[in-house]
Amino acid sequence: MVTLNETWIIGLIIVCSTLSVLMLIVVFLLKFINTYQSNHALRIKHLLHQLLVDYLLGDSLERKQIIEKIQRLNKSRFNKKILIDELLILTNNFSGIYAARVFQLYKDLQLNELSLNKLRNPIWHQKLRGMYELSTLEYSEAFDEISDLIYHPHGEVRRNARVSLIKLKKKDALMTLKDLEGSMSQWTYVSIIAILKQNPIKLTGDEIRRLKSAQNPYVKTLAYDLEQFAYAQ
Amino acid sequence: MPSSLYYDIAFFFNYSILVYACTLMFIYIILGIVSIGAIRAHLKKRKSVNFDNLLRSPLAPKIAVIAPAYNESATIIENIRSLLSLRYNDFDIVIVNDGSKDDSLEKMIRAYDLIPAKRESFSNLPHAPIRAIYRSKNEAFRNLLVVDKENGGKADSLNAGINNTNAKYVANIDVDCIIEDDALLRMVEPFLQEIDVKMIATGGVVRIANDCEVRNGRIIKVNLPRNLLALFQTLEYLRAFLLGRMAWSRLNGLLIISGAFGLFDKSILIEAGGYKKETVGEDMELVVRMRRLMHERKERYKVHYIPDPLCWTESPTSIATLIRQRNRWTRGTIETLLDHRIMMFNPRFRILGLISYPFWLFFEWMAPLVEFFGLLYFLVLLVLGWVNWHYFLLLLTLVYSFAFMLSCFTILVKELTYKEYPGIKSILTLLGVALLEPILFHPIVVYSAIKGNWDKFVLRKSNWGSQVRKGFGSVKPKEQIPSIPIPKEQTVEI
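Just so it is clear, the model here is predicted, and its values are computed rather than measured.

### Observations concerning the side chain of T188 of chain A
- Topologically, T188 of chain A is positioned in helix α10 (residues 186-198).
- Once you skip the residues sitting within four places of it in the chain, T188 of chain A turns out to touch R159, R162 and V163 of chain A.

### Considerations on the pairing of strand β2 (residues 91-98) of chain B
All names here are of chain B.
- Judged by how many residues are buried, β2 sits mostly within the fold: 8 of 8 residues are covered.
- Side chains of β2 alternate between two faces, with F91, I93, I95 and N97 and D92, V94, V96 and D98 buried alike.
- As paired elements, strand β1 (residues 63-69) and β2 share 7 bridges and run parallel to each other. Directly across from I63, in β2, lies its bridge partner F91.
- What joins β1 to β2 is helix α3 (residues 76-84), and the crossover it makes is right-handed.

### Section: empty space enclosed by the protein
- Scanning the entire structure with this criterion turns up 2 cavities of 30 Å³ or more.
- Here the largest cavity is characterised by a volume of approximately 180 Å³.
- Surrounding the largest cavity, 18 residues form its lining, N160, V163 and W187 of chain A together with S48 and N50 of chain B being those nearest its centre.
- Among the elements of the structure, α6 (124-136), α8 (155-168) and α10 of chain A are those that each provide at least two residues to the lining of the largest cavity.
- Ranked by residues supplied to the lining of the largest cavity, first place goes to α8 of chain A with 6 residues.
- Considered class by class, the residues forming the lining of the largest cavity number 5 nonpolar, 9 polar and 4 charged.
- There is about 60 Å³ of room inside the second largest cavity.
- Lining of the second largest cavity is provided by K154, L158, N172, I257, S258, G259, G262, F264, Y275, E282 and D283 of chain B.
- Elements with a minimum of two residues in the lining of the second largest cavity: α5 (154-163), β11 (261-265) and α9 (282-296) of chain B.
- For the lining of the second largest cavity, the residue count by class is 4 nonpolar, 4 polar and 3 charged.

### Concerning the packing of helix α7 (residues 228-250) of chain B against helix α13 (residues 424-457) of chain B
All names here are of chain B.
- In the contact formed by α7 and α13, the axes pass within 9 Å of each other and the chain directions differ by 95°. When the axes of α7 and α13 are compared, the pair comes out roughly perpendicular. In contact with L228, L229, L231, F232, Q233, L235, E236, L238 and R239 of α7, α13 contributes T429, L430, V433, A434, L436, E437, L440, F441, I444 and V445.
- Residues belonging to the contact of α7 with α13 are distributed by class as follows: 14 nonpolar, 2 polar and 3 charged.

### Observations concerning the confidence of the model for chain A
- Chain-level statistics for chain A give a pLDDT mean of 87 and a share of 95% at 70 or above.
- Ranking the helices and strands of chain A by mean pLDDT puts helix α5 (residues 111-120) of chain A first, with 94, and helix α9 (residues 170-177) of chain A last, with 76.

### Looking at a nonpolar patch on the surface
- Taken together, the side chains of V15, L19, V21, L22, I25, L29, F32 and I33 of chain A define a hydrophobic patch exposed on the protein surface, amounting to about 740 Å² of accessible area.
- Within the fold, L19 of chain A resides in helix α1 (residues 4-57).

### Some points on the interface of chain A and chain B
- Across the boundary between the two partners, chain A contributes 43 residues, which contact 49 residues of chain B.
- Among the residues of chain A in contact with chain B, M23, K31 and W187 of chain A are the three that bury the most area, contributing 18% of the side total.
- Between K45 of chain B and E156 of chain A there is a salt bridge, with its nearest N and O atoms 3.4 Å apart.
- Here chain A and chain B share 9 residue pairs in polar contact (both at pLDDT 80 or more) between them.
- Every element with two or more residues in the side of chain A that touches chain B is listed here: α1, α6, α8 and α10 of chain A.
- In terms of residue count, the dominant contributor to the side of chain A that touches chain B is α1 of chain A (18 residues).
- Of the residues belonging to the side of chain A that touches chain B, the class tally is 24 nonpolar, 11 polar and 8 charged.

### Here's the deal with the side chain of S185 of chain A
- Topologically, S185 of chain A is positioned in the loop between α9 and α10.
- Side chain to side chain, S185 of chain A and T188 of chain A meet in a polar contact 2.9 Å long.
- If near-sequence neighbours (up to four positions away) are discounted, S185 of chain A is found in contact with R159 of chain A together with L192, Q193 and I195 of chain B.

### Re α5 of chain B
Residue and element names in this part refer to chain B.
- A large share of α5 lies buried, amounting to 10 of its 10 residues.
- Listing the buried residues of α5 in full gives K154, A155, D156, S157, L158, N159, A160, G161, I162 and N163.
- Against the buried residues of α5 lie β1, β2, β5 (144-149), β6 (169-173), α8 (266-271) and α9.

### Focus: the nonpolar core
- Formed by 166 residues in total, the largest nonpolar core has its most connected members in I63, V65, I95, L144 and F264 of chain B.
- When residues of this core are assigned to their parent elements, the largest contribution, 13 residues, is made by helix α12 (residues 389-416) of chain B.
- Among residues more than four places away in sequence, those in contact with L144 of chain B are I80, L84, I93, I95, Y112, L114, Y134, R135 and S136 of chain B.
- By size, the runner-up hydrophobic cluster in this structure holds 62 residues, among which are I66, L90, L111 and F143 of chain A.

### Section: unusual backbone geometry
All names here are of chain B.
- The phi dihedral of D113 falls on the positive side, at around 50°, and the residue is not glycine.
- Along the polypeptide, D113 turns up in the loop between α4 (104-111) and β3 (114-116).
- Positive phi outside glycine occurs at N252, with the angle close to 55°.
- With respect to the element layout, N252 can be found in the loop between α7 and β11.

### Observations concerning the packing of aromatic side chains
Residues and elements named next belong to chain B.
- Applying the stated criterion to the full structure yields 17 aromatic pairs over all chains.
- Relative to F392, the ring of F378 has its centre 4.3 Å away and its plane inclined at 15°; by these criteria the two rings are stacked. Remark: F392 occurs in helix α12 and F378 occurs in helix α11 (residues 350-384); sequence separation between them is 14 residues.
- In textbook terms, an aromatic cluster arises when at least three aromatic residues are bridged by ring pairs, as seen for Y20, W248, F359 and F363.

### Quick notes on the state of the cysteines
- Scanning the model with the defined rule gives 0 disulfides over all chains in all.
- Not part of a disulfide, C16 of chain A finds its nearest cysteine sulfur in C22 of chain B, a span of 9.2 Å.
- Among the residues examined, C16 of chain A registers a relative accessible area of 5% and is labelled buried.
- Of all cysteine sulfurs, the one in C16 of chain A lies closest to C408 of chain B, which takes part in no disulfide; the gap is 10 Å.

The rules we used
Residues numbered from 1 in each chain as written. Chains lettered and ligands numbered in written order. Predicted model: local features only at pLDDT ≥ 70, side-chain atom pairs only at ≥ 80, totals over all residues. Heavy atoms only, no water. Helix = DSSP H or I, 4+ residues; strand = E, 2+ residues; numbered from the N terminus. Contact = heavy atoms within 4.5 Å. Buried < 20%, exposed > 50% of the residue type's maximum accessible area, 1.4 Å probe, protein only. Pairing = 2+ DSSP bridges. Right-handed = clockwise from strand over helix to strand, strands pointing away. 1 Å grid on protein atoms, 1.4 Å probe; cavity = no way out; pocket = protein on both sides within 12 Å on 5 of 7 lines; lining within 4 Å. Points joined across faces, edges and corners; volume = space filled by probe spheres on them. Nonpolar A, V, L, I, M, F, W, Y, C, P; charged D, E, K, R; others polar. Axes fitted to C-alpha atoms, helices over the stretch in contact; angles between N-to-C directions. Parallel < 35°, antiparallel > 145°, perpendicular 65-115°, else oblique. pLDDT = per-residue confidence, 0-100. Patch = residues over 30% accessible without salt bridge, like charges linked within 9 Å, V, L, I, M, F, W, Y side chains within 5 Å. Areas by Shrake-Rupley, 256 points an atom, 1.4 Å probe, with all protein chains shown as cover. Salt bridge = Lys/Arg side-chain N within 4 Å of Asp/Glu carboxyl O. Buried area = accessible area lost by both parts, 1.4 Å probe. Polar contact = N/O pair within 3.5 Å; in protein donor to acceptor, adjacent residues only side chain to side chain. Core = buried A, V, L, I, M, F, W, Y, C linked by side-chain atoms within 4.5 Å. Phe/Tyr/Trp six-rings, centres within 6.5 Å; stacked < 30°, edge-to-face > 60°. Disulfide = S-S within 2.5 Å.

Structure representation (structure tokens):
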């Protein structure tokens, strides 16, 4: 005769076994999907690499033809995501005329719309991703939308918004920080200095003085550091 | 015929064991669910973090990577080379030669052009006497510092290393671990991101490196180990790090940062008194003491875990070595729990005293003891012929099926997050290991824990024991290195 105690144990065994089987099914499905996506991504990247090299080095006619070829590859969201990742890598590695061409490609393929949609998504990590893409590719039209996020309730969004603004419009964004309320993390601070070191700007004596007169002690310290790292005229 | 006393005793033990087992299972499920949320949030955030800014920044805080070394002649040169190639703006590598009896020091001196340097102590943590400090005259190795001291153990060596650096953060590692080249960037990020709360320590996930392809001190290809014992430990490490520590980190109740790789705020570490030489669990004991210090200072703080695999270590492949290792871990846990028993259910220590400490006491420490006494109880009943076989087999099946389910959950979390073991074969291997683990591996772990308790409470043991390491590459035969005369006049100012 099975007691109540034993009934509970049998029930728990059935639950554990069922969950194990379900999880294993999900594991194998995930493995299949991940393997397929990984192979697909490799194929797309291989094709894109050649097209992007030709685009960067080609003349205007060649670039127009390559855009059409990329558009044919760019039908799915997954492929667009891969392309944006490649453009981000190129932007980080190139400057001058090639960076400008990367940016032009980003706009011609309307990938900025994808990034803007992420920025407008209510989920915080989508906003982060949108800000990261727009600021790395220096899509300055997003400046106003991103500046609305410097007082967002989520800490990560706030921090990334401040850094993204500096990436987009260095001097204007710095002067916006003058009225910043609340604290600034050392990460944000370090990132701002690093961005300005990579893209040096010249602040006038008056601009430095205005930053130094900020109520926020972090902005004050930033102003002194900017002066020290010879960003002041 | 069993008397009514038997039924009373049996009722008590049966229900006690069942309640204990169900409570532990429930806690593991909760930890697993919390973990998966924490890992997913981390991975989503990580996609948008630009570590290059920190890499380029002149304001990146200085980190000292401190690695005690004892008789590491076979691999020390390669280990140091891999540490020197870490990607970070401003860091020192501090190798503490803990009175090695082999030619580790001579090899380092020759390979890295070391010459005696001026001694400069930045703090006063206790340690064995230092014989000499060495720096390289080669500009390429300017951030390498070797501290040669008399033997004192790992904790002693770490204290010596900490005293000889002016870095803001110290990363304490095992010298034979392989650290990912961007590990310092990832580990220091939480310190710099926090505004309202002080970050005092971060830890990274440790993975098993047995049979991985290693070249120039870097993992080139991740493979599952071929040795069965190492496979069991791979699954165990996945479970512990992915499910356990991430959850505790999210709850801010983490009691341990792995001794293989952890990053600490140096000022807090020193104020807490540094590493304690008297314990074999110095890694756990330090974290608990640092946390206790912050509670006593009434300051808000955090200990954070990063779920990225940042450190790869060699696991024991023989049962004897594994038993010694787990024995030491058990004794270390006991020593820490005893030293800090004031925290037990003490609301002054909040989650640490009300949840973390009791969990470690009643489950991490006590679970093997409950199993062992459960086994003894079973043997007594067997001798007396009073075993309720039906109930016993049901209970055994429940425990086995739960253990297997937890392993399946671990594999699922691994596939959802870090997919470092490629191919269907790896999943099938891990599943096979999950089926065998409760039968073959778990008894060894329980035995080691029981022995650890015996050694601690009865034999009063307090030493480390030895661990045989094979190294990641082929081990060259020991060369006969002549001792190198060190010119007394040629020193370098730090």
